[in-house]
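Structural characterization, general
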Amino acid sequence: LELLPTSTWRPPLRPAFAPHASLSGAGDGTSMFGGGFKQVLRAGDRVRAHFQNRYGAKSSATDVGTLLQFTTGEVEIHFDDGAIQCVSKTWIAERLSAWDLDLAPGDIVYAHYASGKGRTVNTDLGIVAAVLDGGRVRIRFQDQIMQTIPMGWVDQVMRLEPGDRVNAFFKVNDGRGAKSVKTDMGSVLAVAKEDVYIVFDDNVEQNVPKTWVCHRARPWNLQVEVGSVADVHFEVGEDGRRSTSTDIGIVLSEPVDGRVAVQFQDTIQQTVPLGWVVRLREWCVGDRVQAHFKTGGGDKSTDTDVATVMSSSLLEVELYFDDGIQQSVSKAWVTERIRNWLAEVTELASGDVVIAHFKRPGNHCRSVQTDRGILLAILPRGEVSVTFQDDITQVIPKGWIQAIATRWSGQRDEFARDKGEVVPEAGKRAPRPTATPASGVECIICMDAKPNGVIVHGETCHQSTCFACAKRLQRAGDACPICRELIDTVCRLHGE
């Protein structure tokens, strides 16, 4: 059915119509709505306006219509009784509602349609076939009837994406693929111009017309990446239907055809629809988390404990538990983030005075109280080297830093002089490398052996680790834990 005007009179359209216009006086500067009020209209807006009577004069009454397009002084209006007229802008009495939807071919819309008496009161579901010039749009409704209507007759737009959760009709198993009477929940896998591919919660996949989608229960808006941890529904039973509850899983692949591979806590891997991913669990290095730990047999514990995130890989996360135990466990074992460290502590730099927890003597568990210290270096694997007020230097998880008391603003040379390093003046020969011993009596990395390793970088050296830890730093390509200079070589302290 094509939209036909019921009025017998329609003035010819003028060229150079615009999609929007300002309601201002026609040449004399008078305002359309009285006073000094000025309003910008656009195609699709619903307005109340005067119309041309049978004699071509301005009517005394007004009627409701939809704006189609504009010229400099005139506007084309599609009135609700089906009449289309081009009238002066000054005939518009008021704007009833603004229209600001973005339409594209393939969109699912709820729109009014044309009947024998003009614009209907109710709306129907349809698919946008084409967006036309002149403020019009062509729509195919559920009953397969195609109509060209004003775009302002569209009330709602539903643009489906893979991962959306929808309520839709499905094809019954009668050999003809007839439309079901009831609807069912499903997840969108792929979207075409007029069809949508859905996997329903009973694990039945079907390609159905877009007009069979009644409601979008949840739009897909999650940024899923490889390694993300999320709450995910899983397949249950022999038919692989969607579970009622969720489990924590690790995303193993990029989305392909609306699906993603996930490994759950019990190490079972499944490929599930994107729509089954409910919520991302976001945490990063330095955060305080609640997590399961490995028991004596290496199994997952029943209870959880508080830990600090040190580093993470695709499947595992390295945690430093508050009792001093350091373990690498599955990412899916992290149940909750307690503290967002990056949101509370700004970027760290060597020389900052920080307030931090420290390792208690003996078992190296996290202290309850905090102490002030100077940040010496930011180390790999989520650790920092800090010298506390009692002149003891420790390597601790950076998540143990509670706050920055004073930010270091000096130059590195000043910091080097404060630490006893010799900085050569311009034009003078630099002295021979001399080892700067650490103030502590044990290696700042393993906290066990004597600091008998000398790390050489350029014309200076630092003595803060044991020889074994120094060699490990060199092999790994890491920097000096004191000054962050690149390591040239390491040697054992003479006599040790």
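Everything below is about the structure shown above.
The structure contained in this document is the topic of the report that follows. (Residues numbered from 1 in each chain as written. Predicted model: local features only at pLDDT ≥ 70, side-chain atom pairs only at ≥ 80, totals over all residues. Heavy atoms only, no water.)

Remarks on the sheet that holds strand β33 (residues 371–379)
Here is the rule we go by: By this definition, two strands are paired if DSSP reports at least two bridges between them. Per the convention used, a helix needs a DSSP run of H or I reaching at least four residues, while a strand needs a run of E reaching at least two, with both numbered from the N terminus. A fitted line through C-alpha atoms represents every axis, and for helices the fit uses only the stretch in contact; the resulting angles, taken between N-to-C directions, go from 0 to 180 degrees.
Read from one edge to the other, the open sheet built from five strands follows the order β35-β34-β33-β32-β36, with strand pairing classed as antiparallel. Edge positions in the sheet fall to β35 (393–397) and β36 (401–406), since each of these pairs with one other strand and no more. If you compare each strand with its neighbour and ignore which way they point, the axes differ by 45° on average. Sheet topology note: the strand β32 (residues 353–356)/β36 ladder contains four bridges and is antiparallel. If you follow V354 over to β36, its bridge partner there is I404.

Examining the sheet that holds strand β15 (residues 165–171)
The strand order across the open sheet formed by five strands is β18-β17-β16-β15-β19, and the pairing between neighbours is antiparallel. The two strands at the open ends of the sheet, each matched to only one other strand, are β18 (205–209) and β19 (213–218). Averaged over all adjacent pairs, the angle separating strand axes in this sheet is 50°, with direction ignored. When strand β17 (residues 195–200) meets β18, the two strands line up antiparallel, connected through five bridges. Across the sheet, D195 pairs through a bridge with P209, a residue of β18.

Considerations on unusual backbone geometry
The line we're drawing: Buried, partly exposed and exposed residues are distinguished by accessible area as a fraction of the type maximum, computed with a 1.4 Å probe on protein chains only: under 20%, between the cut-offs, and over 50%, respectively.
The phi dihedral of Q144 falls on the positive side, at around 70°, and the residue is not glycine. At H364, a residue that is not glycine, the phi angle is positive and equals roughly 60°. Tracing the sequence through the fold places H364 in the loop between β32 and β33. Look at H364 and you get partly exposed, because its relative accessible area is 23%.

Concerning the packing of aromatic side chains
Worth spelling out the cut-off: The pairing test for Phe, Tyr and Trp rings, Trp by its six-membered ring, is centres within 6.5 Å, and the orientation test on the planes gives stacked under 30 degrees, edge-to-face over 60, and tilted for anything in between. Working rule: Lys NZ or Arg CZ, within 6 Å of ring centre, within 35 degrees of ring normal, means a charge sits over the ring.
Applying the stated criterion across every chain, the model contains seven aromatic pairs. Judged by centre distance (5.9 Å) and plane angle (70°), the rings of F234 and F264 are edge-to-face. Remark: F264 occurs in strand β24 (residues 259–264) and F234 occurs in the loop between β20 (229–232) and β21 (235–236); sequence separation between them is 30 residues. Here Y320 and W400 contribute two aromatic rings whose centre-to-centre distance is 5.3 Å and whose plane-to-plane angle is 85°, an arrangement assigned as edge-to-face. Taken together, the residues Y320 in strand β29 (residues 316–321) and W400 in the loop between β35 and β36 connect sequence positions 80 residues apart. Lying over the aromatic face of F169, K179 brings its terminal NZ or CZ to 4.3 Å of the ring centre.

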